[in-house]
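# Structure assessment
Residues per chain, in single letters:
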Amino acid sequence: MSDPVVVALDVGGTGMKCALVRPDGVAIRTERHPTDAARGPAAVVDTILEVAGGLADKARADGLTPIAVGIAVPGVVDEARGVAVWSANVGFRDVPLRDLAVTRLGLPTAIGHDVRVGGLAEARLGAGRGTGHVLFVAIGTGIAAAHVVDGTAAVGAHGAAGEIGHILVRPDGPRCGCGRPGCLEAMASAAAIGRRYAELAGGTADASVTAAQVAERAAAGEPLAGRVWQEAVEALADGLATGQALFDVATIVLGGGLAQAGDGLLTPLRAALHERMTFHREPQLVAAALGDEAGCLGAALLALDAVRVPDHQEKR
Ligand SMILES: [Zn+2]
């Protein structure tokens, strides 16, 4: 057989990141396509299958052998049945994506949850590489996590493991999107930080700022931004301390938009987490290394796992 590759897609609300990936985890061709979710789920599925089929054809034209397909999607994903159960931003409702892909493409296919496969990639190829037990926490509009042990991400009994954003951290805090007050996500997501700043800035002209701007202003010494940022850091430290009590990981990898604040987030968060450790072993706290390619590489790892190509995982 000529050199094997897998076809990997990371489907988001606005765009799809796609690649052909070798068994050692190196992407050899990358593409981006619009999702255009407003067309409805059937059209989105058609685009996914067309893009995947196109990449498989390009691989063959280059003398490579596509051996499997991996597709990461947001929302609730039943990985065992290969079904995209529910997604707010892509509009999926019980889409049997794996079977559709197998039928159309004739290749073994694996479906994964976007944050879970992103964590898989960071644990095996990125910032958690070589450390065995990793908690990947993506902080963006929401907060979600993936717990990866020896290269496998825990899915949960109902496909819903990793909802660290809904750990209760402030019983009298703001109401979360899930309906309950005080979830971590309602205190420390990028959206929550922007909202909190606007709320405390009150009627002043410049109340509408992003979390990234709050981080910049905090670093520049603005007292209000500093207060909002520190509140978010304390809430995150509470959530991560709970995660560490449960999972005892070696490394916590922070991804998502908020992690782009870099040391402006990591330094105070390390200190706040350190304060909360009693008998716990303190994890390393590091920024994600793969950027927005993590989901696509993780989808590739799922595909490789589905056909058990053995040389993509670092030996431990
Ligand atoms: Zn919640």
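Being a predicted model, the structure only gives us computed values, none of them experimental.

### So, the pairing of strand S1 (residues 4–11)
With respect to burial, S1 is a largely interior element, 7 of its 8 residues being buried. Both S1 and strand S4 (residues 65–73) contribute to a ladder of 7 bridges, which runs parallel. Across the sheet, the residue bridging to Val-5 is Pro-66, located in S4. Bridge count for S1 against strand S2 (residues 15–21) is 6 bridges, and the pairing is antiparallel. Bridge pairing in S2 links Leu-9 to Cys-18. The antiparallel hairpin formed by S1 and S2 contains 3 residues in its connecting segment.

### Points about the pattern of salt bridges
The final tally for this structure, using the stated rule, is 16 salt bridges. Across the pair Asp-238 and Arg-170 runs a salt bridge whose closest N-O atoms are separated by 2.7 Å. Here Asp-238 is found in helix H7 (residues 223–247), whereas its partner Arg-170 is found in the loop between strand S11 (152–153) and helix H4 (184–188), with 68 residues between them in sequence. Classification of Arg-170 as partly exposed rests on a relative accessible area of 22%. Here Arg-276 ties to Asp-238 by a salt bridge, and the two come within 2.6 Å at their closest N and O atoms. Residue Arg-276 is found in helix H8 (residues 263–276), and its partner Asp-238 is found in helix H7; the two are separated by 38 residues along the sequence. Salt bridges here are not isolated pairs; linked through shared partners, they connect Arg-170, Glu-234, Asp-238 and Arg-276.

The rules behind the values
- Throughout, a residue's number is its position along its own chain's written sequence, starting from 1.
- Given that the model is predicted, a residue must reach a pLDDT of at least 70 before its local features are reported, and side-chain atom pairs must reach 80 or more before they are shown or counted; all residues, however, enter totals for whole chains, interfaces and linings.
- Where side-chain values are given, they derive from all heavy atoms of the structure, hydrogens and water being excluded.
- Remark: exposure states derive from per-residue accessible area (1.4 Å probe, protein chains only) relative to the maximum for the residue type, with buried under 20%, exposed over 50%, and partly exposed in between.
- Strands are runs of DSSP state E lasting at least 2 residues, helices are runs of H or I lasting at least 4, and numbering of each runs from the N terminus.
- A pair of strands is treated as paired once DSSP finds two or more bridges between them.
- Take a side-chain nitrogen of Lys or Arg and a carboxyl oxygen of Asp or Glu: if they are within 4 Å of each other, that pair is a salt bridge.

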